[in-house]
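Residues per chain, in single letters:
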Amino acid sequence: MALVRVLCDNPDERTVVAHARAHDGSDAVVTVSKTHFTEEEARELVEGCPQCGGALQLTQSNDKYRQYCGVQPKVGGLLVKQIVPATPADITKYDVKARAANLRVVVETPALYAAATEPYVRSLPASELHWIDNLMAGRSERETVLLETPDIVFVTDTKWDGVASPESSLYVLAIFRDPALRSIRDVGRRGESDIALLRRAADDARACIRARYGIPPSRVLSFVHYLPAFWRLHVHFVVLGGPRLGDNRAAGRALLLDDALGNLARDSQYYCAHAAMTIVVDNPDLLARYKAGAVI
């Protein structure tokens, strides 16, 4: 077989689909996938961490987060991510059974936000966002930074390993510096300046992605999550058709950025004053607060 071109590169499924040409000249479609780890391979890799006997190199470090890349003789190329020390919330996030047990749909009214969600956010330890403080101060992850402004830092997300093509896997975050902007709920609370800043984040990210990767805004999906994965306002920019979208754009979780800007243009207090249907994910503490309020 001779490779003609790669038709699909799916980093989530570790699969490549290619247009190839057989020896007799006929066309062929070839799908190549890396097999799943066996339990024994998983044990060997985990117990050999962090560097698997020197096969992997530390490529990223920020607070409790580490990332290693390299080639391990038995399984080939590896990307290893670690969270040390991991909190119970970190563990729950990756526990499939716990995630299923803690999934709930909630209609969060402004009153419920004030009574349950905001007190929960205020209760979170400052250490939860140390990695953002390090990023903002330039102490770590400098290799991920695409653009910095006085108000926002634009970085490549860890969902994109930088190896896969940006055309198939680009994933960028715009993270706001102001700690008072914790989520979309805070945008507009202080007036028009926050809304203008959100609009500027959209413009700057799209211009940066076009200039650096040649991907036009029409091929980039931009959205915010509510409830967010971490409580500092951030916007996701993901190439259309990329497997990294996954459930990030699922109904009840993602708010399209341009829709949010439209809502704020009509009513600057929209996200402060309106109910929001959302899905509680990986968060038994917040779920317990909602249960105490008899809303679920």
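Numbering of residues starts from 1 in each chain and follows the order in which that chain's sequence is written. In keeping with the model being predicted, local features are shown solely for residues with a pLDDT of at least 70 and side-chain atom pairs are shown and tallied solely at 80 or more, while totals for entire chains, interfaces and linings include all residues. Excluding hydrogens and water, the side-chain figures rest on all heavy atoms present in the structure.

Undergrad: I'm lost on helix α10 (residues 284-292) in this one. Help?
TA: Counting along an α-helix, one turn takes 3.6 residues, and residues three or four places apart therefore face a common direction. Every buried residue belonging to α10 is among L286, L287 and Y290, and all of these are buried. Looking down the long axis of α10, one finds its buried residues gathered within 105° of arc, a one-sided arrangement. Whether two residues are in contact is decided by their heavy atoms, any of which lying within 4.5 Å being enough. Put simply, DSSP marks the helices as runs of H or I at least four residues long and the strands as runs of E at least two long, and each gets a number from the N terminus on. Among the structural elements, β7 (104-108), α4 (110-123) and β14 (276-280) are those in contact with the buried residues of α10. Throughout, exposure labels follow a simple rule: accessible area from a 1.4 Å probe, protein chains only, divided by the maximum for the residue type, with under 20% read as buried, over 50% as exposed, and the rest as partly exposed. Throughout, the arc means that of the directions going from the helix axis to the C-beta atoms.

Undergrad: Any chance you could explain the layout of surface pockets here in plain terms?
TA: Gaps left between atoms show up when a probe the size of a water molecule is rolled over them. Quantified by volume, the second largest pocket comes out at close to 240 Å³. Put plainly, a pocket is an open set of points on a 1 Å grid over the protein atoms alone with protein on both sides within 12 Å along at least five of seven lines, a cavity is a set where a 1.4 Å probe fits but cannot get out, and a lining residue has an atom within 4 Å of a point. Residue lining of the second largest pocket: 16 residues in total, with L255, N263, Y270, Y271 and A276 positioned closest to the centre. Going through the elements one at a time, β13 (254-256), α8 (257-266), α9 (270-273) and β14 are the ones with two or more residues in the lining of the second largest pocket. Gly is put with the polar residues, along with every residue not named as nonpolar or charged; the nonpolar set is Ala, Val, Leu, Ile, Met, Phe, Trp, Tyr, Cys and Pro, and the charged set is Asp, Glu, Lys and Arg. Broken down by class, the residue content of the lining of the second largest pocket amounts to 11 nonpolar, 3 polar and 2 charged. Grid points are joined across faces, edges and corners, and a volume is the space filled by probe spheres set on the points.

Undergrad: Would you mind showing me how to read the environment of H236 here?
TA: Following the sequence through the fold, H236 ends up in strand β12 (residues 234-239). The buried category is assigned to H236, whose relative accessible area is 4%. Taking C-alpha positions, H236 is 19 Å from V280, a pair spaced 44 residues apart along the chain. In this structure H236 touches Y171, V172, L173, L221, S222, F223, V224 and H225, once residues within four positions along its chain are discounted.

Undergrad: Please explain the pattern of salt bridges as it appears in this structure.
TA: Side chains carrying opposite charge are able to pair once their charged atoms draw close together. The salt bridge criterion pairs a side-chain nitrogen of Lys or Arg with a carboxyl oxygen of Asp or Glu, the two atoms within 4 Å. Using the criterion set out here, one finds 16 salt bridges in the structure. The residue D194 makes a salt bridge to R190 at a minimum N-O spacing of 3.0 Å. One connected set of salt bridges, linked through shared partners, spans E118, R122, R182, D186 and R189.

Undergrad: Can you help me understand unusual backbone geometry in this one?
TA: The omega torsion of the bond from V84 to P85 falls at 0°, within 30 degrees of zero and hence cis. Cis geometry is adopted by the peptide bond preceding L227, which originates at Y226 and carries an omega value of 5°. The phi torsion at D63 lies on the positive side, around 55°, for a residue other than glycine. Position of D63 among the secondary structure elements: in the loop between β4 (56-62) and β5 (65-72). Taking the relative accessible area as the measure of exposure, D63 reaches 31% and is therefore partly exposed. The residue E141 is not glycine, and still its phi comes out positive at about 60°.

Undergrad: Sorry, what's going on with the sheet that holds β12 here?
TA: The strands making up a sheet are joined through hydrogen bonds of the backbone, oriented either antiparallel or parallel. Here, a strand pair is defined by DSSP locating no fewer than two bridges between the strands. Strands sit in the order β8-β9-β10-β12-β11-β13 across an open sheet of 6 strands; the sheet is antiparallel. In this open sheet, the two strands that pair with only one neighbour each are β8 (145-148) and β13. Between one strand and the next, the sheet's axes are offset by a mean angle of 25°, whatever the strand orientation. Bridging between strand β10 (residues 171-176) and β12 involves 5 bridges; their strand directions are antiparallel. All axes are obtained by fitting lines to C-alpha atoms, using only the stretch in contact for helices, and the reported angles, taken between N-to-C directions, cover 0 to 180 degrees.

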